[in-house]
Structures are given as C-alpha cells and as structure tokens.
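Here's the letter readout for the chains.
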Amino acid sequence: MSRRVSLREFQEYLSQRLVGAVSGGRPASLLGVQAGRSRWLLDLSASGEVISTLPTLTPVPLTKSSFLGLANIRGNLHAVTDFPAFIGEEPVSLHGSSIRLLLVGTRLGNNVAILVSGLLGLKKPTDFTVEPASSEKTWNTGLFIDNDGGKWYRLDLAALLADPEFMNIMA
C-alpha cells in the first residue's frame, strides 16, 4: 500500500530535489502539466506552489471566460485563470479530481494562479529533444519531443505574466 504524503511534504521533497539539482550540477527538473489535450513543461524553480484542492472561487463580472475569479488562499487573494481555456483548449471541469491550481505569480510578485487539468510529474530536460519555438506567443518558448514522440510545450511563466493578453481579464 502506498504511503499518503501531505502537500507540505511533497513540496519539501520538490524543493530538496531542486536544491540538489542546482548544487550537484545536474540539469534542473521541469514540472510537467496537462492543459486540455496539450502537455506543458515549466521550470520547477519558477512554478511555485501546487494546490491540490480547488478553493472556493469568487467570480468577477465582465471578465473573459478563461478568468475564473478570485480565490482566497491562506488569507491572500489570487487571480485564477483556466490555462487550457486561455490557450484555446476545452475549459477544465471544476469537478475533476486531477485538476491542480499552480500559484505561479508568487515568486514573480503577483498573486496569480493557473488552473491545469493535471500534473504529469517531474521531467528531466535530457529526456527530450528540443525544437525551436514556432509560436508567436512569447511565453511558449519551445517544443520538446519526448522519447515516445509526444509533444510538450515549454511555458515561460515570467513571460506569461508579462503578456498583456493574459493579464487583461476584461471581456
């Protein structure tokens, strides 16, 4: 039987792996996330905290459909965006058990969270073949091909949070 791990223990484990990767000279890990049908890779050092239980969302009128509203997380308000809906995929079902909320803006000075369809675990950059970015979006910084031929896109969170289209939530 597998041992249940608390969110705090999991985050400490990820933090220890990140420190080990940086100090040991190994390539840093990437966090794989599912966004609709597409898979994305985020730098673990920039990805922030993962919330496994979706908090109550307070809708904000006259906003884009991809903007889900505000969430109170430990006394701080976070603006929550449905990332798959933002990129043109099917919106995340808010009743799914695999959805995760990533607090991506905290390290960058913003209280921004993105909702993803699920986590795909830690990935090593050496497990991918990198192809040049072909997207006009500055936050989509490359295409990675895994050993099975699957496509993964690289998400630059700082560029996403600097994108006026992402930050402008007005409908």
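None of the values given here were measured: they were computed from a predicted structure.

## As for unusual backbone geometry
Line of reasoning, step 1. Its identity as a non-glycine residue notwithstanding, Leu62 has a phi of 60 degrees, on the positive side.
Line of reasoning, step 2. Its identity is not glycine, yet Arg74 carries a phi of approximately 50 degrees, on the positive side.
Line of reasoning, step 3. Among the structural elements, Arg74 can be located in the loop between strand 5 (67-73) and strand 6 (76-82).
Line of reasoning, step 4. Note on Arg74: relative accessible area 60%, which makes it exposed.

## Remarks on the nonpolar core
Line of reasoning, step 1. Counting 21 residues, the largest nonpolar core has Trp40, Phe83, Leu102, Ile114, Trp139, Leu155 and Leu160 as its most contacted members.
Line of reasoning, step 2. Of all the elements, helix 4 (residues 157-162) adds the most residues to this core, at four residues.
Line of reasoning, step 3. Sequence-distant contacts of Leu155, that is, excluding residues within four places in its chain, are made with Trp40, Leu41, Leu42, Phe83, Ile114, Trp139 and Leu160.
Line of reasoning, step 4. In terms of nonpolar packing, the next biggest core, distinct from the first, is built from 12 residues, Leu68, Val80, Ala113 and Leu115 among them.

## Focus: the sheet that holds strand 2 (residues 38-43)
Line of reasoning, step 1. Read from one edge of the open sheet, six strands run 9-1-2-12-11-10, paired in mixed fashion. A strand with exactly one partner marks an edge of an open sheet, and here the two such strands are strand 9 (118-123) and strand 10 (128-131). Averaged over all adjacent pairs, the angle separating strand axes in this sheet is 30 degrees, with direction ignored.
Line of reasoning, step 2. Pairing analysis gives four bridges linking strand 10 to strand 11 (residues 140-146), with the strands arranged antiparallel. Each residue of the ladder has a partner; that of Val130, found in strand 11, is Phe144.

## Details of the pairing of strand 6
Line of reasoning, step 1. Here six bridges tie strand 5 to strand 6, and the two strands are oriented antiparallel to one another. Bridging across to strand 6, Ala71 finds its partner in His78.
Line of reasoning, step 2. What sits between the antiparallel neighbours strand 5 and strand 6 is a turn of two residues, in which Arg74 has the positive phi angle 50 degrees.
Line of reasoning, step 3. Here four bridges tie strand 6 to strand 8 (residues 112-116), and the two strands are oriented parallel to one another. Note that in strand 8 the partner of Val80 across the bridge is Ala113.

## Considerations on a nonpolar patch on the surface
Line of reasoning, step 1. On the surface, Leu7, Phe10 and Tyr13 cluster together into a nonpolar patch covering about 240 Å² of accessible area.
Line of reasoning, step 2. You can see Phe10 is positioned in helix 1 (residues 7-23).
Line of reasoning, step 3. Phe10 gets classed as partly exposed once you look at its relative accessible area, which sits at 31%.

Reading the values: the criteria
Residues numbered from 1 in each chain as written. Predicted model: local features only at pLDDT ≥ 70, side-chain atom pairs only at ≥ 80, totals over all residues. Heavy atoms only, no water. Helix = DSSP H or I, 4+ residues; strand = E, 2+ residues; numbered from the N terminus. Buried < 20%, exposed > 50% of the residue type's maximum accessible area, 1.4 Å probe, protein only. Core = buried A, V, L, I, M, F, W, Y, C linked by side-chain atoms within 4.5 Å. Contact = heavy atoms within 4.5 Å. Pairing = 2+ DSSP bridges. Axes fitted to C-alpha atoms, helices over the stretch in contact; angles between N-to-C directions. Patch = residues over 30% accessible without salt bridge, like charges linked within 9 Å, V, L, I, M, F, W, Y side chains within 5 Å. Areas by Shrake-Rupley, 256 points an atom, 1.4 Å probe, with all protein chains shown as cover. Salt bridge = Lys/Arg side-chain N within 4 Å of Asp/Glu carboxyl O.

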